[in-house]
Amino acid sequence: MQIKLHHWGIIGLCAWMLLGSAAPAAERRPPNIIVMLLDNVGRDWFGCYGSIEGATPEIDRLASQGLRFEHCYATPFCSVTRVELLTGRYPFSSGWTIHHDAAIYAGGNFDALRLPTFANVVRTAGYTTAIVGKWQISNLFESSQADALSRAGFDEQCVWPEGMPGHEANYKRYWDAYIVQQGKRLNTKGRFGPDVFHEFAVDFIRRHREQPFLLYYPSVLTHGPHVPVPPKQPDAAVSAARPSKQQQRDLFAGMIRYADQDVGRLARALKELGVLDNTILIITSDNGNTDALAGRTQPPGPAGGGYTLAEGGIDMPLIVYAPGLISPAGQISRRLVDFTDFFPTLVELSRAKQPADLKLDGRSFAGALLGRPEPSSEKPWIASQYAAARVVRDQRYKLYSTGELFDIASDPDEKHDLSSDSTPAIATEHAKLKAALATLPPDASLPFLPRSQSAYKLRGEKPPATRPAE
């Protein structure tokens, strides 16, 4: 597939001129782009979304100086969300509808030839690309996957590869983490994995600050196992014991605070390296946390819901920090976004040209970042899916493919099913969402059988006893 670079043109130049930069629009290069994806933490822990836990002061500060979206749909499981984010396709389009951690469960890998990623396209616009953190969707220990990250469009890589059942050391993502950089294992004895990833990220930015760069940063924080963060280190005796629910929650809260500090350190590094004014930092999360780890919010909102299609499981934070590009600061957007929209947004921001034969499900929200309203590109609804179950929502109502309808503006915990309500206003919205669901095609086929505990459960099968917990 041959891809040509996109010429920005008069309309694009005018948009950049409206940003108020001292540099002429024609001379200003495309922005650097960082996509930071947190792991298994919902918006109930983010102060800028109403959390009263006090765990995210750095992210809250960036939100107050940038742009925050009210609603952004992911999917309920890690790998399904990552494929949607990377490919711009809903699960029914990619076929990746069920959780499958290729590195742990084997039996199938992500194929960038079948499903090109946003990095594949963005790099054609002259960007240097990198991934740092958690990949998950290919078994990088297989010989056929040795160049999987390069095929997916990433020039540089520093990742936790997981994998190789029976080798418990390879599951470590935190203390003494198993980390591979450009195919070679690093010595991380006594080190905290997220610190190693942060150092790689800053070094990548430093080395490529004179040219446009794209950094995909899927953090390992805050997925379990929940552990002490620096300066504390795990105590062997304590680690051997089973932590209480409160201890688990305390560890989880500490990891969120550390992830927040990571974001703050990254933002300061951008300023110190002189690239902040032309960098777009996007912060989101792949799915919500479980009810046992729910954060308190004011006013009370959906809490927990991890691994379900409840709002707490799929409506994720989305914060964009770009002080040199977003004005005025502290905006809140009601535009509906889901994870299919990242691909076309990053392509538009990079000024790359999307291949004519590449069909995406998402719509670009670049206009919302750059201060040019584009009502025609806005979605009337967003969607999510896990296995056969699908949901669509608009600004107020949410409809399940199983028939339940909820007014999530007033009933965020989805306790009152309105599907039988004949009130004209509700019936009208119900009909609109039913029509939206009806437009979604059947699931595409996946070229392998997903092998995870949840996949076995959905098929009514017993998973092998050697499989680790998700």
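Worth saying up front: this structure is predicted, and the values here are computed from it rather than measured.

Peer 1: For the sheet that holds strand β10 (residues 331-338), give the residues involved together with the corresponding values.
Peer 2: Read from one edge to the other, the open sheet built from ten strands follows the order β6-β5-β4-β3-β7-β1-β8-β9-β2-β10, with strand pairing classed as mixed. Strand pairing shows two members of the sheet lacking a second neighbour, β6 (184-185) and β10, which therefore form its edges. Pairing analysis gives four bridges linking strand β3 (residues 128-134) to strand β7 (residues 213-218), with the strands arranged parallel. Note on β7: the bridge partner recorded for Thr128 is Phe213.

Peer 1: Could you give me a rundown of the sheet that holds strand β11 (residues 382-386), with the residues and numbers involved?
Peer 2: Read from one edge to the other, the open sheet built from four strands follows the order β11-β12-β13-β14, with strand pairing classed as antiparallel. With partners counted over all chains shown, the strands left at the sheet margins are β11 and β14 (405-407), one partner each. Within the sheet, the average angular offset between the axes of one strand and its neighbour, ignoring direction, is 15°. Of the pairings in the sheet, the one linking strand β12 (residues 389-393) to strand β13 (residues 397-400) comprises three bridges and is antiparallel in character. Considered in β13, the bridge of Arg393 is made with Lys398. Each of β12, β13 and β14 touches helix α14 (residues 424-439); the most contacted strand, β13, lies at about 50° to it.

Peer 1: Hey, could you go over the nonpolar core for me, with residue numbers and the actual values?
Peer 2: When a protein is soluble and globular, its nonpolar side chains tend to lie buried together. Membership of the largest hydrophobic core comes to 61 residues, with the highest contact counts inside it found for Phe118, Trp135, Tyr216 and Leu369. Per element, the largest residue contribution to this core is five residues, and it comes from helix α12 (residues 342-350). Counting 56 residues, the second largest nonpolar core, distinct from the first, contains Trp45, Ala63, Val202 and Val263.

Peer 1: Any details on the pairing of β3? Residues and values, ideally.
Peer 2: Judged by how many residues are buried, β3 sits mostly within the fold: seven of seven residues are covered. One ladder, built from five bridges, connects β3 with strand β4 (residues 156-160); its direction is parallel. Counted as the bridge partner of Val132 is Cys158 from β4.

Peer 1: How would you sum up unusual backbone geometry? Please name residues and give values.
Peer 2: Among all residues save glycine, negative phi is the norm, and among peptide bonds the norm is trans. The omega torsion across Leu221 and Thr222 is 20°, close enough to zero to call that bond cis. When you line up the elements, Thr222 lands in the loop between β7 and α9 (236-240). In this model, Gln298 is joined to Pro299 through a cis peptide bond whose omega is 0°. A positive phi angle is found at Asn40, which is not glycine, with a value near 65°. By the element assignment, Asn40 lies in the loop between β1 (32-38) and α2 (57-64).

Peer 1: Quick rundown of the environment of Gly95? Include the residues and the values.
Peer 2: Tracing the chain through its elements places Gly95 in the loop between α4 (91-94) and α5 (102-105). Since its relative accessible area comes to 7%, Gly95 is described here as buried. Each C-alpha atom of the pair Gly95 and Trp381 lies 21 Å from the other, and the pair is 286 residues apart in sequence. Leaving out residues up to four positions away in the same chain, Gly95 has contacts with Ala444, Ser445 and Leu446.

Peer 1: With reference to specific residues and values, describe the pattern of salt bridges.
Peer 2: Following the criterion strictly, the structure yields 29 salt bridges and no others. With a closest N to O distance of 2.7 Å, Asp262 and Arg265 form a salt bridge. Note that Asp262 and Arg265 are positioned in helix α10 (residues 245-272) at a spacing of three residues, about one turn of the helix. Residue Asp262 is classed as buried on the basis of its relative accessible area of 2%. Between Glu461 and Arg459 there is a salt bridge, with the nearest N and O atoms lying 3.5 Å from each other. Judged by its relative accessible area of 39%, Glu461 is partly exposed. With relative accessibility at 27%, the residue Arg459 sits in the partly exposed group.

Peer 1: An account of the packing of α2 against α10 is needed here, citing residue identities and associated values.
Peer 2: Orientation of α2 relative to α10, taken along the N-to-C sense of each, is 50°, at an axis distance of 7 Å. On the basis of their axis angle, the class for α2 and α10 is oblique. Touching Pro57, Glu58, Ile59, Arg61 and Leu62 of α2 are Asp260, Gln261, Val263, Gly264, Ala267 and Arg268, all from α10. In terms of residue class, the contact of α2 with α10 is made up of five nonpolar, two polar and four charged.

Peer 1: Can you break down the packing of aromatic side chains residue by residue, with the values?
Peer 2: Within the structure shown, the criterion is met by 18 aromatic pairs. When the ring of Tyr400 is compared with that of Phe406, the centres are 6.0 Å apart and the planes differ by 85°; the resulting orientation is edge-to-face. Side by side, Tyr400 and Phe406 carry an identical accessibility label, which is buried. Taken together through their ring pairs, the aromatic side chains of Phe110, Phe118, Trp135, Phe154 and Tyr216 make up a single cluster. Over the face of the ring belonging to Tyr456 we find Arg459, whose NZ or CZ atom lies 5.1 Å from the ring centre.

Peer 1: An account of the side chain of Asp315 is needed here, citing residue identities and associated values.
Peer 2: Topologically, Asp315 is positioned in the loop between α11 (311-314) and β9 (318-321). Its relative accessible area of 4% is what places Asp315 among the buried residues. Among the polar contacts listed, one links the side chain of Asp315 to the backbone nitrogen of Cys72, at a separation of 2.9 Å. Contact partners of Asp315, with chain neighbours within four places excluded, come to Arg43, Glu70, His71, Cys72, Tyr73 and Arg393.

Peer 1: Could you give me a rundown of α12, with the residues and numbers involved?
Peer 2: Across the nine residues that make up α12, a large majority, eight, are buried. Within the sequence span of α12, burial applies to Phe342, Phe343, Pro344, Thr345, Leu346, Val347, Leu349 and Ser350.

Peer 1: Which residues make up the confidence of the model for the chain, and what values go with them?
Peer 2: Overall, the prediction assigns the chain a mean pLDDT of 90, with 90% of residues at 70 or greater. Between residues 1-26, whose pLDDT stays under 50, and residues either more than four places distant or in other chains, the model counts 31 contacts.

About the criteria used
- Residue indices follow the written sequence of each chain, beginning from 1 at its first position.
- In keeping with the model being predicted, local features are shown solely for residues with a pLDDT of at least 70 and side-chain atom pairs are shown and tallied solely at 80 or more, while totals for entire chains, interfaces and linings include all residues.
- The basis for the side-chain values is all heavy atoms of the structure; hydrogens and waters are excluded.
- Pairing between two strands requires that DSSP report at least two bridges joining them.
- What counts as a helix is a DSSP run of H or I of at least four residues, what counts as a strand is a run of E of at least two, and both are numbered from the N terminus.
- Axis definition: a line fitted to C-alpha atoms, over the contacting stretch in the case of helices. Angles run 0 to 180 degrees between N-to-C directions.
- Contacts were defined at the residue level, with two residues in contact if any of their heavy atoms lie within 4.5 Å.
- In these notes, a set of buried Ala, Val, Leu, Ile, Met, Phe, Trp, Tyr and Cys residues joined through side-chain atoms within 4.5 Å is what counts as a nonpolar core.
- Using a 1.4 Å probe on the protein chains alone, a residue whose accessible area is under 20% of its type maximum counts as buried, one over 50% counts as exposed, and one in between counts as partly exposed.
- For salt bridges, the criterion is a side-chain nitrogen of Lys or Arg within 4 Å of an Asp or Glu carboxyl oxygen.
- Note on terminology: angles under 35 degrees are roughly parallel, angles over 145 are roughly antiparallel, angles of 65 to 115 are roughly perpendicular, and the others are oblique.
- Ten residues, namely Ala, Val, Leu, Ile, Met, Phe, Trp, Tyr, Cys and Pro, are considered nonpolar, four, namely Asp, Glu, Lys and Arg, are considered charged, and the remaining ones, Gly among them, are considered polar.
- The aromatic pairing rule takes the rings of Phe, Tyr and Trp, using the six-membered ring of Trp, and pairs them if the centres are within 6.5 Å, calling planes under 30 degrees apart stacked, those over 60 edge-to-face and the rest tilted.
- Placement of a charge over a ring requires the Lys NZ or Arg CZ to be within 6 Å of the ring centre, with the centre-to-atom vector within 35 degrees of the ring normal.
- The definition of a polar contact used here is a pair of N or O atoms within 3.5 Å, where within protein one atom must be able to donate a hydrogen and the other to accept one, and adjacent residues in sequence count solely through side-chain atom pairs.
- On a range of 0 to 100, pLDDT expresses the predictor's confidence in each residue.

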